[in-house]
Amino acid sequence: VRDVVGLYLNPPERAVVFCVDEKSQIQALDRTAPILPMLPGVPERATHDYKRSGTSSLYAALSLTTGKVISALHSRHRAIEFKKFLQTIDHEVPAHLDVHLVLDNSSTHKTPAIQKWLAAHPRFVLHFTPTSASWLNLVERWFAELTNKLLKRGAHRSVHALNTDIRSWIQTWNDDPKPFVWTKTADEILDSIARYCNRIN
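This write-up is about the structure you can find in this document. (Residues numbered from 1 in each chain as written. Predicted model: local features only at pLDDT ≥ 70, side-chain atom pairs only at ≥ 80, totals over all residues. Heavy atoms only, no water.)

1. What to know about a nonpolar patch on the surface
- Taken together, W135, L190 and I193 make up a surface patch of nonpolar side chains, about 260 Å² in accessible area.
- As for its position among the elements, L190 is in helix α6 (residues 186-200).
- The class of L190 is partly exposed, set by a relative accessible area of 31%. (Patch = residues over 30% accessible without salt bridge, like charges linked within 9 Å, V, L, I, M, F, W, Y side chains within 5 Å. Areas by Shrake-Rupley, 256 points an atom, 1.4 Å probe, with all protein chains shown as cover. Salt bridge = Lys/Arg side-chain N within 4 Å of Asp/Glu carboxyl O. Helix = DSSP H or I, 4+ residues; strand = E, 2+ residues; numbered from the N terminus. Buried < 20%, exposed > 50% of the residue type's maximum accessible area, 1.4 Å probe, protein only.)

What follows is the structure, encoded as structure tokens:
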């Protein structure tokens with residue numbers, strides 16, 4: 001907690017900080033009948049059932065300072081895809097800057113192939129959130145924006161259509177990005193958790 005929050009509140013100089021995660025198994029869903037739009041006094045209406053057309057996995061790296069997102073869509077969610085995403089980040093970030101990544105403890109982030117790649121790219125520094133503390137990763141807040149503003153109300157007849165919509169939404173976001181600002185210190189977070197634990201015990 002102190003490592004991640006310290007990075008948020010006091011980012012290092014000559015470095016970029018990215019919050020990284022995967023939103024896996026995003027389903028391409030289409031309702032069995034067209035969604036009826038809102039009218040005066042009438043809510044939007046949709047059928048309760050839908051057709052599935054496959055899934056996609058989104059890798060996202062949210063820049064702490066600018067709010068811009070580097071992204072990649074893949075059909076699967078493995079260490080191979082994560083390594084490709086690390087290569088994408090490496091290509092996007094100027095060579096003179098260190099790269100700090102905040103991410104969770106997924107096994108795909110710690111395989112021998114990933115460890116070997118990181119050893120060959122010493123400018124990358126990984127900061128892991130505690131187990132069951134994904135809320136510490138700011139990219140989760142960005143995923144909520146994506147879900148609420150696109151995925152929850154979307155209808156897609158194919159994975160290709162889903163991916164096209166996601167890419168378009170991300171491009172729109174990056175045209176006018178809004179960084180999320182972290183305000184709580186590590187002490188405030190840990191004190192709050194301690195108070196909660198005392199209350200439930």
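2. Regarding unusual backbone geometry
- Not every positive phi belongs to a glycine, and R14 is a case in point at roughly 55°.
- Checked against the element boundaries, R14 lands in the loop between α1 (2-9) and β1 (15-31).
- In this structure, Q25 is a non-glycine residue whose phi angle is positive, near 55°.
- If you trace the backbone, Q25 turns up in strand β1.
- Taking relative accessible area as the criterion, Q25 reaches 58% and is therefore assigned exposed.

3. Considering the packing of aromatic side chains
- On inspection of all chains with the given rule, the structure shows eight aromatic pairs.
- Centre to centre, the rings of Y59 and F85 are 5.7 Å apart; their planes meet at 45°, and the pair counts as tilted. Of this pair, Y59 sits in strand β2 (residues 50-63) while F85 sits in helix α2 (residues 79-92), placing them 26 residues apart in sequence. Neither Y59 nor F85 differs from the other in exposure class; each is buried.
- Among the aromatic residues, ring-to-ring pairing joins W142, F143, W169, W173 and F180 into one connected group.
- Lying over the aromatic face of F128, K110 brings its terminal NZ or CZ to 4.8 Å of the ring centre. (Phe/Tyr/Trp six-rings, centres within 6.5 Å; stacked < 30°, edge-to-face > 60°. Lys NZ or Arg CZ within 6 Å of the ring centre and 35° of its normal.)

4. Quick look at the nonpolar core
- Among the nonpolar cores identified, the biggest contains 33 residues, and Y8, L58, L62, L138, W142 and I166 are the most heavily contacted of them.
- Secondary structure elements with two or more residues in this core: α1, β1, β2, β3 (69-74), α4 (139-151), α5 (159-175) and α6.
- Looking at which element gives the most residues to this core, the answer is α4, with six residues.
- The contacts of Y8, once residues within four sequence positions are left out, are C19, L64, V102, L136, N137, L138 and W182.
- Ranked by size, the runner-up nonpolar core spans 21 residues in total, among them V20, Y59, L86 and L101. (Core = buried A, V, L, I, M, F, W, Y, C linked by side-chain atoms within 4.5 Å. Contact = heavy atoms within 4.5 Å.)

5. Digging into α5
- Between the first and last C-alpha of α5 there are 24 Å, a value that for 17 residues agrees with the 24 Å anticipated at 1.5 Å per step.
- Within α5 the residues assigned to the buried category are L162, N163, I166, W169, I170, W173 and N174. In an axial view of α5, the angular spread of the buried residues amounts to 135°, which keeps them on one side of the axis. Exposed side of α5, more than 90 degrees from the buried face: H160, T172 and D175 are the residues found there. (Expected span 1.5 Å × (residues − 1). Arc of directions from axis to C-beta.)

6. Considering the pattern of salt bridges
- Applying the stated criterion to the full structure yields seven salt bridges.
- In this structure, the salt-bridge partner of D90 is R123, at a minimum N-O distance of 2.8 Å. Here D90, found in helix α2, pairs with R123, found in the loop between α3 (112-120) and β5 (124-128); they are 33 residues apart in sequence, far enough to count as distant.
- Judged by its relative accessible area of 22%, D90 falls in the partly exposed class.
- Between R141 and E145 there is a salt bridge; the shortest N-O distance is 3.0 Å. With R141 and E145 both in helix α4 and four residues apart, this pair spans about one turn of that helix.
- You can call R141 partly exposed: its relative accessible area is 39%.
- For E145, a relative accessible area of 13% corresponds to the buried category.
- Residues participating in the shared-partner salt-bridge network are R141, E145 and K149.

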